[in-house]
Amino acid sequence: RGNAEDLDQAIAFDWEALALRPVGHTDRSILLNNLANRLSARFDHRDNAEDLDQAIALDWEVLALRPVGHTDRSISLNNLAKRLSARFDRRGNPEDLDQAIALDREALALRPVGHLDRSSSLVNLANKLSTRFDHRGNAEDINESRENLRYALTLLTQHDPRRLMVHRSLATVYLSFHRSGLDGADPGEDIESLNVGMHHFKAAANFVPGGLLYRLRASLSWVHHADLLRHSTELEAYATSMRLMDAYMSATASISSRHSAMVNFPSTLAVDAASCALRSGDVRHAAELLEQGRTIIWTQMTQFRTPLDSLQTYSNHAAALVKRFRDLSSLLDRPLASHAYGTQIVDVEADDIRYRRLVEDWNRVVEEIRKFGGFSRFLLPPMFADLQEAARDGPIIMLIASKSSCDAIIIKCTQPPTSIQLPTDLEKLTRLVLVLREAIGKEVSPKGNQTALIKALRKLWGDVVRPVVENLGGFAQRGSRIWWCPTLLFNFLPLHAAGEYRANGKSLSQQYISSYTPSLTALMRTRRSHDRSPLVPFAAIGQNLPAGASFTLDCVEPELELVQSLLPPPPTVSFTKITNVDATKSRALRALQDNSWLHFSCHGARNFDDPFKSAFLMRDQPLSLLDITQMDLSRHEFAFLSACETAVGVPTTPDEVIHLAAGLQFAGVKSVVGTLWKVNDWTVQRLVEAFYKNLCGDGTMNSKRAARALHQAVYSLACDSDMPIDQRIAFMHIGI
């Protein structure tokens, strides 16, 4: 469970037991060893140098009690060398590293040819020699390291999970050769060593018995070095990492745990992969990689939204396949934890056969899953031909912000995609986001405008939106709809509001009706048709004083009454209103489940540490994004989120857009209106009234009208010179 108190107690008990077994006691070395291991484990979790120093002191005492000839001396040598190396990594004392190498040499001598753990000692020694070479540049160290690793590889069977780590270590050593020029070439010019190093990274990433997590880490190292050195395998490395990330997340239980796992991996992986594909001229592959990365978490939600969990509902056979896949994935993820270097393997042949069978079973189960309808691309990247369907009602602009360039990919339904390199970069985008954030909410100038905000929106127009609009003119008619699919920093920009903001100046809203989508897959999913009831069930949920709030939202009740007055009467609409003390989390969840049209008026709260805890604040408890993602809303038509910051994520989020509005769309709601920042009561009342008049003023309800209705409502507010710009551009539309 990882409870720190348990480890503290265990260490305290070990100290007490050690006091009862003084010098000369036959079991003293065992207790010393146990205590050293636990202190080392606590150091790994807390980074307390005192724990590591104590562990090393105890290891020296253990070694003295296990002289030459003792059956466990090689293990003690290995433990002490490992911890001395850890102390070197922390403090940089060369004596620690030299001692660790000397101890590893002695351990290797005690494990002669034929010993089951000889390969372990070879690798331990090789890794430390490689480290010393990096610090001192002694060619003998790196040469010996390389030879030891090559020899270790010959001692391991073809399916031994430890081969992965040997391949990874060899990759590191060969890259050291490349950088140093020890093979006779100038530093950086030894192409053969570079190619061999990348070969070993690739071998590690594709070595199935090594376990998904360790393969993923190896592939990310491959990405790092291939990207840094612009190696020919760079795109392959990215594609492999995306595939392994998808597989690893598929085998992970819940959406929140997937997000926690993603935090430990590069947040820009999908964007950088797409950028790499663009550099190679493959626009289709760039779109595929970006889409795959952006939907890794969202398309694997719990209950209906997880592909595997939805498969379970097909039949008993399907459910058994899902269970088998997850069980096998879990088993394949354990090898290096249970058979790491430094432990003894009793039966190598039996272990080899076991993993070979596990791999065969896993591959067989994956192939069986792919036979089900809708699962032919399971654990495979999406095909661009399938993604084009998302653009059937209008072009989609995928915006990519990577360290190498900022680009736009325009997806068209029946034509090849086009890419545009935008005249901006990450540094400029970062400044623009900060300027916009500071400009929002500032008082208007005496001339009645917001100068800083207007300047930022002009910059957004020139650097991002105008180049896209100029390319849209050839095939997208004026007044038609377009969809934005932004990544990273682009998520924090009001793209729909970009323009010149001067007399007779151009703007995006003059030419197109903008909507957003967190992914192409989400947009395609929300277009799936369902039988509609002739009666529209509409729930208005309002909470003016949630738990812990310091003030009351006076506008909630009037807003919901206004909404009701603007909706068609029965029998077209069945209206339910839940407010004040009745608006609890459980009542809101029930209303969310029972009504396909929704209007929220309440506090919205973003959670920067865990985006899935972002929530609508109810009377008793928050209604969180995680609660929403666990619901089947695939028959829901529309949601209006009259709450602050419901359509903006947090900067630490990986490639996915994780916020309340996107969560509702991924859960199945076809059309969602949300907010980018705080809006005042007066703005909300004006916009809500204009929106619903445009949406259903003719007495009919159609969620496909939402984007145009919002566009018209915002336009009507623009005619009001008393309304600040930041207020009238705060609302955005997501979905169909």
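Model, not experiment: these values are computed from the prediction.

A.B. asks: Give me the overall build of the chain: which residues, what numbers.
C.D. replies: Of regular secondary structure, the chain possesses 30 helices and 14 strands. Going through the 736 residues of the chain one by one, you find that 56% of them count as buried. At a minimum sequence separation of 6, the contacts of the chain that also span at least 24 residues come to 72%. Of the accessible surface of the chain, which amounts to about 31,100 Å², a share of 50% is contributed by carbon and sulfur atoms.

A.B. asks: For the nonpolar core, give the residues involved together with the corresponding values.
C.D. replies: Ranked by internal contacts, the top residues of the largest apolar core, which has 103 residues, are Val465, Trp484, Phe616, Phe691 and Tyr692. With eleven residues, helix H21 (residues 451-472) is the largest single contributor of residues to this core. Residue contacts for Phe616: discarding those within four places in its chain leaves Phe600, Cys602, His603, Pro622, Leu623, Ile628, Leu641, Ala643, Thr646 and Leu660. Membership of the second largest hydrophobic core comes to 67 residues, among which are Leu194, Phe201, Ile296 and Leu328.

A.B. asks: Describe the environment of Ile409, listing the residues and the values that go with them.
C.D. replies: Within the fold, Ile409 resides in strand S2 (residues 406-411). Using a relative accessible area of 0% as the deciding quantity, one classes Ile409 as buried. Taking the C-alpha atoms as reference points, Ile409 and Ile397, twelve residues apart in sequence, are found 5.6 Å from one another. Setting aside anything within four residues of it in sequence, one finds Ile409 in contact with Leu278, Val283, Ala286, Ala287, Ile396, Ile397, Met398, Ile400, Pro417, Thr418 and Ser419.

A.B. asks: Run through the packing of aromatic side chains, naming residues and quoting values.
C.D. replies: In the structure shown here, the tally under the stated rule is twelve aromatic pairs. Three or more aromatic residues joined by ring pairs form one cluster here, namely Phe538, Phe575, Trp597, Phe638, Phe640, Phe691, Tyr692 and Phe731. Across the ring face of Tyr214, the terminal group of Arg217 is positioned such that the distance to the ring centre comes to 5.6 Å. Sitting over the face of the ring of Trp483, Arg527 holds its NZ or CZ atom 5.3 Å from the ring centroid.

A.B. asks: Can you tell me about the sheet that holds strand S9 (residues 604-605), naming the residues and giving the values?
C.D. replies: Across a sheet, strands are paired by hydrogen bonds formed along the backbone, either parallel or antiparallel in direction. Taken in spatial order, the three strands line up as S9-S10-S11 in an open sheet, and their pairing is antiparallel. Here the strands that pair on one side only, and so sit at the sheet edges, are S9 and strand S11 (622-624). Where S9 lies against strand S10 (residues 615-617), two bridges are found, and the strand directions are antiparallel. Paired with Ala605 across the strands is Ala615, a residue of S10.

A.B. asks: Now, about the environment of Val465: what can you tell me, with residues and values included?
C.D. replies: Turning to its location among the elements, Val465 is positioned in helix H21. A C-alpha to C-alpha distance of 9.0 Å links Val465 and Leu422, two positions 43 residues apart in sequence. Dropping the residues within four chain positions of it, Val465 is found in contact with Leu460, Trp484, Leu495, Ala498 and Leu508.

A.B. asks: So what's going on with the pairing of strand S13 (residues 671-675)? Residues and values would help.
C.D. replies: Among the five residues in S13, five count as buried, and that is most of the element. Both faces of S13 are covered, namely the face carrying Ser671, Val673 and Thr675 and the face carrying Val672 and Gly674. Two elements, S13 and strand S14 (residues 731-735), share five bridges in a ladder whose sense is antiparallel. Note that in S14 the partner of Thr675 across the bridge is Phe731.

A.B. asks: Explain the pairing of strand S1 (residues 396-401) to me, and be specific about the residues and the numbers.
C.D. replies: Among the six residues that make up S1, six are buried, leaving the element largely enclosed by the rest of the structure. The two faces of S1 match: Ile396, Met398 and Ile400 on one face and Ile397, Leu399 and Ala401 on the other face are all buried. Connecting S1 to the antiparallel partner S2 that follows it, the hairpin turn spans four residues. Here S1 runs beside strand S4 (residues 481-486); their pairing, made up of four bridges, is parallel. Bridge pairing in S4 links Ile397 to Trp484.

A.B. asks: With reference to specific residues and values, describe helix H7 (residues 139-155).
C.D. replies: Taking 1.5 Å per residue, 17 residues should reach 24 Å; H7 reaches 25 Å between its end C-alpha atoms and fits that length. The inward-facing, buried residues of H7 abut helix H6 (118-136) and helix H8 (163-180). The residue sitting at the N-terminus of H7 and contributing the capping side-chain oxygen is Asn138; that oxygen lies 2.9 Å from the backbone nitrogen of Glu140.

A.B. asks: So, the confidence of the model for the chain: which residues are in play, and what are the values?
C.D. replies: Chain-level statistics for the chain give a pLDDT mean of 87 and a share of 90% at 70 or above. Scored below 50 in pLDDT, residues 300-305 shows 35 contacts in the model against residues more than four places distant or in partner chains. Ignoring residues within four places in sequence, the model shows residues 336-346, a span with pLDDT below 50, making 33 contacts including any to other chains.

A.B. asks: If you had to explain unusual backbone geometry to someone new, which residues and values would you point to?
C.D. replies: For the bond from Pro570 to Pro571, the omega torsion is 5°, close enough to zero to count as cis. Of note, Pro571 is situated in the loop between helix H24 (556-566) and strand S7 (573-578). Even without glycine at this site, Leu488 takes up a positive phi of about 45°. Its place among the elements puts Leu488 in the loop between S4 and helix H22 (508-511).

A.B. asks: Hey, could you go over the packing of helix H4 (residues 73-91) against helix H5 (residues 94-109) for me, with residue numbers and the actual values?
C.D. replies: Running from N to C, H4 and H5 point in directions that differ by 160°, and their axes come no closer than 8 Å. On the basis of their axis angle, the class for H4 and H5 is roughly antiparallel. Every pair of crossing elements has a handedness; the one defined by H4 and H5 is left-handed. Here Arg73, Ser74, Leu77, Asn78, Leu80, Ala81, Leu84, Ser85, Arg87 and Phe88 of H4 come into contact with H5, specifically with Pro94, Asp96, Leu97, Gln99, Ala100, Leu103, Asp104, Glu106 and Ala107. Among the residues forming the contact of H4 with H5, the class breakdown is ten nonpolar, four polar and five charged.

A.B. asks: Account for the pattern of salt bridges, naming residues and giving values.
C.D. replies: Per the stated rule, a full pass over the model turns up 39 salt bridges. Note that Arg46 and Asp8 form a salt bridge whose closest N and O atoms lie 2.8 Å from each other. One end of the pair, Arg46, is in helix H2 (residues 28-46); the other, Asp8, is in helix H1 (residues 4-19), and 38 residues separate them in sequence. Take Arg46: its relative accessible area is 41%, and that puts it in the partly exposed class. For Asp8, a relative accessible area of 26% puts it in the partly exposed group. The closest approach of N and O atoms between Arg28 and Glu61, which form a salt bridge, is 3.0 Å. Linking Arg28 in helix H2 with Glu61 in helix H3 (residues 49-65), this pair joins segments that are 33 residues apart in sequence. One salt-bridge network, held together by shared partners, links Asp227, Arg230, Glu234, Asp272, Arg279 and Lys403.

About the thresholds
- All residue numbers here refer to positions counted from 1 along the written sequence of the relevant chain.
- Note on the predicted model: pLDDT of at least 70 is required for a residue's local features to be given, and 80 or more for side-chain atom pairs to be given and counted; whole-chain, interface and lining totals, by contrast, use all residues.
- Hydrogens are left out, water is left out, and the side-chain values use all remaining heavy atoms of the structure.
- Runs of E in the DSSP output that reach at least two residues are strands. Runs of H or I that reach at least four are helices, and both are numbered from the N terminus.
- Any residue under 20% of the maximum accessible area for its type is buried, any over 50% is exposed, and the rest in between are partly exposed; the area is computed with a 1.4 Å probe on protein chains only.
- Whether two residues are in contact is decided by their heavy atoms: any pair within 4.5 Å suffices.
- Here the Shrake-Rupley method, with its probe set to 1.4 Å, supplies the accessible areas, and only the displayed protein chains count as covering residues.
- We call a set of buried Ala, Val, Leu, Ile, Met, Phe, Trp, Tyr and Cys residues a nonpolar core when their side-chain atoms join them within 4.5 Å.
- Pairing of aromatic side chains here covers Phe, Tyr and the six-membered ring of Trp, requires ring centres within 6.5 Å, and sorts the geometry by plane angle: under 30 degrees stacked, over 60 edge-to-face, intermediate tilted.
- Counted as over-ring charges are cases with an Arg CZ or a Lys NZ within 6 Å of the ring centre that also lie within 35 degrees of the ring normal.
- One bridge is not enough; two strands pair if DSSP finds at least two bridges between them.
- Take the number of residues in a helix, subtract one, and multiply by 1.5 Å to get its expected span.
- N or O atoms within 3.5 Å of each other form a polar contact, as long as, within protein, one can give a hydrogen and the other can take it, and as long as residues adjacent in sequence are counted only when both atoms are side-chain atoms.
- The pLDDT score gives, residue by residue, the confidence of the prediction method on a 0 to 100 scale.
- Here an axis means a line fitted to C-alpha atoms, over the contact stretch when the element is a helix, while the angle between two N-to-C directions is reported on a 0 to 180 degree scale.
- Any angle between 65 and 115 degrees counts as roughly perpendicular, while under 35 counts as roughly parallel, over 145 as roughly antiparallel, and the rest as oblique.
- Two helices crossing with the near one rotated counterclockwise from the far one by less than a right angle form a left-handed crossing, whereas a clockwise rotation gives a right-handed crossing.
- Classification used: nonpolar for Ala, Val, Leu, Ile, Met, Phe, Trp, Tyr, Cys and Pro, charged for Asp, Glu, Lys and Arg, polar for all others including Gly.
- By salt bridge we mean one thing: a side-chain nitrogen of Lys or Arg within 4 Å of a carboxyl oxygen of Asp or Glu.

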